[in-house]
Amino acid sequence: MFEVNLKKVVISTVAVTALSAGAAAAQEACTNYTVVDGDTLATIAIAAYGTSNYQPIFNANRNTILNPSNLEPGLVLALPCEDGSLPNGQSAQDLIAAEEARNANNKVSNVYEPPIKIVTGGNYAPFADEDLTGGGFLVRLASTALNRAGNNREFSASFVNDWSSHLDTLLPLGAFDVSLAWYIPDCSNRSYEWSPETTKRCTQFDSTVSVYDTVIGFYTLPDSGYATARSFEDFKGARLCRMEGWFTHDLEENGVFEPNVTMIQPVTATDCMDAVLTGVADVASFEVQLAADAMSDLGLSHNDIVENPFVNTVAGLRFVTHRTNPYGRQYVAMLNAGLNEMRESGEWYAIISDTLREHNEKLMAASN
């Protein structure tokens, strides 16, 4: 999920920094770009958008990019336009309108089937926020999925900002049917010792396919030996910072959890970045888009703190139901069917990019 202590998540506004003519011509927003040797997603994002936050590029090329830390020369990437649409493609707003029109006659409720009760947390823009259209892109994706692929179920969506209560109380007691959205580990992998939190997520809940894949980066000082670590093995012995209450199964799976590292768990991402700056921590690890926001809050650039270019993880956010819910697996199947259709039609990406556009416009207006 987007964790309990997360105060703000920002996708950096694109095209905000002046670039050299050569870099801009080679890697420019709203074009297709062919990867050359030495490119990373971060360097491409800096050249095209003026930010090291490459999550929007990852979103637009999710089926093409298998490993964010290993781009093959010759790979062609679509660099999204300022409005989030793809080069030479239909705008997000036009595609969403076309899909809504195509499915206009599908919204039929059944009095014998009560609305599916969805819960998420607010104030986590652009993912879930009552001030954004449709409640943020996670809520928009869930509600749209319930009206695609032949689904015709009505639903209600509520915002409960105490995230821990979703898994601990609200779903187990049946107050809600589906919670948006949580990082769920690969529960078929028993090659490492599960923490109690990983055990809970794998044994008490059913989940959809991945709704949104995020890249989890590892951040250090430029002159740190960990800045050029080539594998997770090289992080062993480090003081690693990830915020209190956040998922750790990716660390557990790769052997960079206690006792192999010393975990430092403050409240916010900026606390983790500050811990690296002051030498309290060697490495900070969380989403690349959140890292860009934390660095902006601290007035830092990619010259002050760097992302390790060789090591990262990809974590999938999923919608979850509790296994005691007699209809939970039915709801998961309905959501999966809708989400799969939306990916094929392009509506999945259109909803995400449209929400990011709206969110960035709000951020720009607030800064003026």
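Residues numbered from 1 in each chain as written. Predicted model: local features only at pLDDT ≥ 70, side-chain atom pairs only at ≥ 80, totals over all residues. Heavy atoms only, no water.

Draft legend 1. Molecular detail of the confidence of the model for the chain. In the predicted model, the chain carries a mean pLDDT of 87, and the fraction of residues at 70 or more is 91%. Per-residue pLDDT stays below 50 along residues 1-25; that stretch engages in 71 contacts with residues further than four places along the chain or on separate chains. (pLDDT = per-residue confidence, 0-100. Contact = heavy atoms within 4.5 Å.)

Draft legend 2. Examining the state of the cysteines more closely. In the structure shown here, the tally under the stated rule is 3 disulfides. In this model C30 forms its disulfide with C81; the gap between the sulfur atoms is 2.0 Å. Classification of the bridge connecting C30 and C81 rests on its S-S torsion, roughly 65 degrees, and on that basis the disulfide is right-handed. Placement of C30 in the loop between α1 (21-26) and β1 (31-34) and of C81 in the loop between β2 (76-79) and α4 (92-102) is noted, with a sequence separation of 51 residues between them. Judged by its relative accessible area of 9%, C81 falls in the buried class. (Disulfide = S-S within 2.5 Å. Helix = DSSP H or I, 4+ residues; strand = E, 2+ residues; numbered from the N terminus. Buried < 20%, exposed > 50% of the residue type's maximum accessible area, 1.4 Å probe, protein only.)

Draft legend 3. Local environment of the nonpolar core. If you look at the biggest cluster of nonpolar residues, it comprises 72 residues, and the most contacted ones within it are F137, L141, F286 and F319. The contact partners of F137, leaving out residues within four places of it in the chain, are P126, F127, Y212, I351, I352, T355 and L356. Grouped together as the second largest cluster of nonpolar side chains are 13 residues, F218, F235, V256 and V283 included. (Core = buried A, V, L, I, M, F, W, Y, C linked by side-chain atoms within 4.5 Å.)

Draft legend 4. Looking closely at the pairing of strand β12 (residues 313-322). Judged by how many residues are buried, β12 sits mostly within the fold: 8 of 10 residues are covered. Pairing of strand β5 (residues 178-183) with β12 involves 4 bridges; the strand directions are antiparallel. Bridged to L180 within β12 is F319. Two elements, strand β6 (residues 205-207) and β12, share 3 bridges in a ladder whose sense is antiparallel. Paired with S207 across the strands is V320, a residue of β12. Here strand β7 (residues 212-220) pairs with β12 via 5 bridges, running antiparallel. Paired with I216 across the strands is T313, a residue of β12. (Pairing = 2+ DSSP bridges.)

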